[in-house]
Amino acid sequence: MSSVYWRLPPLWGSSKIASPIVSSIWLAENLERDDLRLIDMRWYLDGRSGHEAYLHGHIPGAVFLELDDITGQGLGRHPLPSAAQFAGAMSRAGVSQSSLVVVYDDAGGSVAGRLWWLLGRFGETRVKVLDGGLQSWTGPLEMGGGKTEAADFPSREANWDSVALMEEVAAPGPVTLLDARAPERFRGEVEPIDPHAGHIPGAKNFFWQETLGADGRFLSPEQLRATFESYGVTGDEQVICYCGSGVTSCQLLLAASIADIGLPRLYAGSWSEWCARDGAVATGP
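Residues numbered from 1 in each chain as written. Predicted model: local features only at pLDDT ≥ 70, side-chain atom pairs only at ≥ 80, totals over all residues. Heavy atoms only, no water.

### Focus: the overall build of the protein chain
From N to C terminus, the protein chain includes nine helices and nine strands. In terms of overall dimensions, the protein chain is globule-like: its C-alpha atoms have a radius of gyration of 18 Å, near the 19 Å expected for 285 residues. The principal-axis extents of the C-alpha atoms in the protein chain amount to approximately 50 × 40 × 40 Å. When the 285 residues of the protein chain are sorted by exposure, 55% land in the buried category. Put simply, of all contacts in the protein chain between residues at least 6 apart along the chain, 78% involve residues at least 24 apart. As displayed, the protein chain has an accessible area near 12,200 Å², and 51% of this comes from carbon and sulfur atoms. (Helix = DSSP H or I, 4+ residues; strand = E, 2+ residues; numbered from the N terminus. Rg over C-alpha atoms; globule rule 2.2 N^0.38 Å. Buried < 20%, exposed > 50% of the residue type's maximum accessible area, 1.4 Å probe, protein only. Contact = heavy atoms within 4.5 Å. Areas by Shrake-Rupley, 256 points an atom, 1.4 Å probe, with all protein chains shown as cover.)

### As for the confidence of the model for the protein chain
Here the protein chain averages 91 in pLDDT, and 94% of its residues register 70 or above. Confidence over residues 1-17 falls short of pLDDT 50; this stretch has 42 contacts with residues more than four positions distant or in other chains. (pLDDT = per-residue confidence, 0-100.)

### Remarks on the pairing of strand β2 (residues 36-40)
Counting buried residues along β2, five of its five residues qualify, which places the element largely inside the surrounding structure. Here β2 shows no split at all, with Leu36, Leu38 and Asp40 on one side and Arg37 and Ile39 on the other all buried. As paired elements, β2 and strand β4 (residues 100-104) share five bridges and run parallel to each other. The residue bridging Ile39 from the neighbouring strand is Val103, located in β4. The sheet contact formed by β2 and strand β3 (residues 63-64) spans two bridges and is parallel. By the bridge assignment, Asp40 is partnered in β3 with Phe64. (Pairing = 2+ DSSP bridges.)

### Here's the deal with the sheet that holds β4
Read across the sheet, five strands follow the order β1-β5-β4-β2-β3 without closing on themselves; strand pairing throughout is parallel. Every interior strand has two partners, whereas the edge strands, β1 (21-22) and β3, have only one. Two elements, β1 and strand β5 (residues 126-130), share two bridges in a ladder whose sense is parallel. Paired with Ile21 across the two strands is Val129, which belongs to β5.

Here is the structure:
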């Protein structure tokens, strides 16, 4: 796969990169748009059911999408989906190429970001993440499930140029490797789900929550650029992000897009693949 560090193409057909996030105020004003497809993508590392949470209250009109529905087969806990699998999941969720997708979670965007990133790989469907997630929504909540009218989402191969393989991560070279997991997992003090604790040698620990302010919303583009710079990322270097299974690391990709410093590559297999294949393990800060 190509190792070229590349920039995210505009989502709105303009010469400038549009923000990949929208506010709850914008969503409330646009909730009745015919082209809007609102997706609830809550998921929990501790095994709680995102679907149960959805049934107990979600933003009106939202449909629920299981993370497993857009997870493929292979090494690691959340491998990338096939073209047919992803197209089927999007069609069932009522997403077409003409849809404006707004996806949210209740974890600062760290789960919703995975769908944002995948939609960018599989086509040019407009997609935004709700800044602040469900917690930012001040309107009424809808209970129970609902019927979703299926849509026609084309099955076509994804552009995986921005995906890094384990062999590339392990190879020596001028690459900045960012680990998005919590510091205690990075240091190897705890590991709640994978068989080994620690991190990939040479990685820097950029915890995904550092992209958020105290209100749970993303920092400003200027603040995000400064935060990336503190980890040695200015937009001119090759950057690879990973986490436990390639989900929450998409938060760093989303933050990089907001900051307009280019889209890092994703090591999709992440720690769950690395430690399962007996990759070298480092511990400590």
